[in-house]
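Observations on the model geometry
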Amino acid sequence: MASSSIVARGALPPGFENRLYDPAEALPRDELSALQLRRLQETVERAARVPSYREALGRAGVSAADIRSLDDLRRLPFTVKDDLRRNYPLGLLAVPREQVVRIHGSSGTTGRPTFVAYTRRDLDTWTGLVARFLVAGGLRPEHTVHVAFGYGLFTGGFGLHYGIERVGAAVVPAGGGNTPRHVRLIQDLGAQVLICTPSYALHIGEVAAAEGLRPDDLALRFGHFGGEPWTEELRQEIERSLGILAFNNYGLSEVIGPGVAGECGVREGMHVQEDHFIVECLDPKTLEPVPEGEVGELVITSLTKEATPVLRYRTRDLAALDRRPCPCGRTGVRMGRVVGRSDDMLIIRGVNVFPSQVEEALLRVDGTAPQYLIEVSRPGALDEVKVKVELRPGDLRDEMRQMIELKDRIDREIHAVTGIRMSIELVAPGALERSPGKARRVIDHRKAAVA
Ligand code: DLL
């Protein structure tokens, strides 16, 4: 597909075949609610086998028998990341250890890692959920899929891998790192589908272009990207540079991994797989539901997980829910893009700023690559922010005057989006570190100073 593949969202793209992997994706809402209630009761019963959940349920004065309607969900206690840390490594296990067949974990860049366990049935469920969003986004048995996620404790590699096999497509388990090798493999094996983080997809596009490849030189047609926040502008950039349709999928290891939600061909929000998860959208301060359609913190309860079920897990991810019916026929509520995390939010001179806002501003300015690094410090009384922005290859020949104009434009756009003035530093193409996993977009020296 050439750059003309960029199609309007809000309807199925012409020629796109909308196929369900599992009829459960289109369950009528009343049947879905009945199924959720039954599974919620089972989950509370299962969670009560875990000492830490049992105590929390006791404190809240609620047991499985008290869950008579879905509204009773709100009587359940919340679970936070610290509960997982406190029960390190596997204190939240709800099944005997011999039933565990896999353990994954978070990277643990902030504090201890947290582990999640899977029974054989959990793996089967997970694989099916991944297969669903892949099929919703065009994957078919005849495709070859290049997986550039790391294989390891991170749920991205193995999670996607087994989902692809379940669909019957051919998987190339390329793993992380060595971008020129990825480009060569994609070319030689003729993969039609690319799977990685959105920031890494962009980098694969950069490296392919630097090697003189045009989108048409690769067979790629779709990409399924997730694992980190990204913007609509970044989607367009990836679609242009690789000549593909880009789909968004969401998940987190504490809940299961990828497969919690994914886009259909309409690509206006990700269908939450509600027969396996209940999602609430709450005000992170009051913990009350936000008005319909507004951004709030997603709080997720697993409905079928055996080994490590979660009750009302506070994801810290901020997104809105859209309950309007979708033209694709799937009945799962759609979550919008994650606009940020309540704990990744930068507070700069009292103003809340998300890295995604800076990205949005940069993508409005021609001549800059969407590779950036935000450095926050407080040398005196006031916070200062420096944004390092890479120039696109070729711009180095430009006159000094044009550089100054470019800096001015970036400054204006960032100010327009965030309301904050940041100092801008233009850096050479390729100067910022690329990551095969999740991109590092922020260095907050203020935190280092406090620690
Ligand atoms: O990133 C699971 C995953 C792997 C999802 C591959 C999709 C694809 P964790 O490492 O536990 O798990 O990180 C979870 O990543 O709470 C979000 O903040 C962020 N995240 C994941 N997917 C998206 C997305 C995996 N599509 C954390 N958009 C989550 C925005 C995302 N943020």
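Residues numbered from 1 in each chain as written. Predicted model: local features only at pLDDT ≥ 70, side-chain atom pairs only at ≥ 80, totals over all residues. Heavy atoms only, no water.

Bringing helix 8 (residues 232-242) into the picture now. Because the α-helix completes a turn every 3.6 residues, residues three or four places apart line up on one side. Those residues of helix 8 that sit buried are Leu-234, Arg-235, Glu-237, Ile-238, Glu-239 and Leu-242. Following helix 8 by one or two positions, Gly-243 adopts a phi angle in the positive range, close to 65°. (Buried < 20%, exposed > 50% of the residue type's maximum accessible area, 1.4 Å probe, protein only. Helix = DSSP H or I, 4+ residues; strand = E, 2+ residues; numbered from the N terminus.)

For an interface, size is often stated in terms of accessible area lost upon the parts coming together. The assigned domain composition of the protein chain is domain 1 (1-341) and domain 2 (346-450). Centre-to-centre, using C-alpha coordinates, domain 1 lies 29 Å away from domain 2. Each partner contributes residues to the interface: domain 1 has 21 residues there, and domain 2 has 15 residues. When domain 1 packs against domain 2, the two sides together hide about 1400 Å² of surface, and 57% of this comes from carbon and sulfur. Three residues stand out in domain 1 for area buried against domain 2, namely Thr-231, Glu-233 and Glu-237, and they jointly supply 26% of the buried area on that side. Applying the counting rule to domain 1 against domain 2 returns seven residue pairs in polar contact (both at pLDDT 80 or more). Looking at the side of domain 1 that touches domain 2, the elements that each hand over two or more residues are helix 7 (198-210), helix 8 and strand 15 (340-341). Counting residues per element, the side of domain 1 that touches domain 2 draws most heavily on helix 7, which supplies five residues. Looking at the side of domain 1 that touches domain 2, its residues break down into eight nonpolar, eight polar and five charged. (Domains from an automatic or database assignment. Contact = heavy atoms within 4.5 Å. Buried area = accessible area lost by both parts, 1.4 Å probe. Polar contact = N/O pair within 3.5 Å; in protein donor to acceptor, adjacent residues only side chain to side chain. Nonpolar A, V, L, I, M, F, W, Y, C, P; charged D, E, K, R; others polar.)

The full set close to the ligand counts 20 residues, and Asn-248, Asn-249, Ser-253, Asp-317 and Lys-438 are the nearest of them. Within the backbone of Pro-229, one N or O atom sits 3.3 Å away from a nitrogen atom of the ligand. At 2.6 Å, a side-chain N or O of Asp-317 approaches an oxygen atom of the ligand. Expressed as a share of its isolated accessible area of 610 Å², the protein-covered part of the ligand is 93%. Those elements that place two or more of their residues in the shell around the ligand are helix 5 (155-167) and strand 7 (245-252). The greatest single-element share of the shell around the ligand, amounting to five residues, is contributed by strand 7. The residue inventory of the shell around the ligand, partitioned by class, reads seven nonpolar, eight polar and five charged. (Near = heavy atom within 4 Å. Areas by Shrake-Rupley, 256 points an atom, 1.4 Å probe, with all protein chains shown as cover.)

Let us now look at the sheet that holds strand 7. The mixed open sheet is built from nine strands, whose spatial order is 4-3-5-6-7-8-9-14-13. Only two strands of the sheet have a single neighbouring strand rather than two, namely strand 4 (170-172) and strand 13 (321-322). Note: strand 5 (residues 193-196) against strand 6 (residues 222-226), four bridges, orientation parallel. Bridged to Ile-195 within strand 6 is His-224. Running at roughly 125° to strand 5, helix 7 makes contact with strand 5 and strand 6 of the sheet. (Pairing = 2+ DSSP bridges. Axes fitted to C-alpha atoms, helices over the stretch in contact; angles between N-to-C directions.)

Moving on, we come to unusual backbone geometry. In the segment running from Tyr-88 into Pro-89, the intervening peptide bond is cis, with an omega of -5°. For Pro-89, the position within the fold is in the loop between helix 3 (81-86) and strand 1 (100-105). For Leu-287, which is not glycine, the phi torsion reads 60° and is therefore positive. Tracing the backbone through its elements, the reader meets Leu-287 in the loop between strand 10 (277-282) and strand 11 (296-302). Judged by relative accessible area, which is 23%, Leu-287 ranks as partly exposed.

By the alternation rule, side chains of strand 5 split into Val-193 and Ile-195 and Leu-194 and Cys-196, which are all buried. The pairing of strand 3 (residues 144-147) with strand 5 spans three bridges and is parallel. Residue pairing across strands places His-146 opposite Leu-194, the latter belonging to strand 5. Tracing the backbone out of strand 5, into helix 7 and back to the parallel element strand 6 gives a crossover that is right-handed. (Right-handed = clockwise from strand over helix to strand, strands pointing away.)

Core analysis: the biggest nonpolar cluster contains 64 residues, and Leu-76, Ile-164, Ile-195, Tyr-250 and Met-335 have the highest contact counts within it. With eight residues, helix 4 (residues 120-136) is the largest single contributor of residues to this core. Ile-186, Trp-230, Leu-242 and Ile-244 belong to the second-largest nonpolar core, a separate cluster that totals 23 residues. (Core = buried A, V, L, I, M, F, W, Y, C linked by side-chain atoms within 4.5 Å.)

Burial analysis of helix 9 (residues 355-362) places seven of its eight residues in the buried class, which makes it a mostly covered element. Listing the buried residues of helix 9 in full gives Pro-355, Ser-356, Gln-357, Val-358, Glu-359, Ala-361 and Leu-362.

This part covers the packing of aromatic side chains. In the structure shown here, the tally under the stated rule is eight aromatic pairs. Taken together, Phe-16, Phe-222 and Phe-247 form an aromatic cluster joined through their ring pairs. Over the aromatic face of Phe-247 sits the side chain of Arg-267, whose NZ or CZ is 5.6 Å from the ring centroid. It is Lys-305 that lies over the ring of Tyr-118; its NZ or CZ is 4.6 Å from the centre. (Phe/Tyr/Trp six-rings, centres within 6.5 Å; stacked < 30°, edge-to-face > 60°. Lys NZ or Arg CZ within 6 Å of the ring centre and 35° of its normal.)

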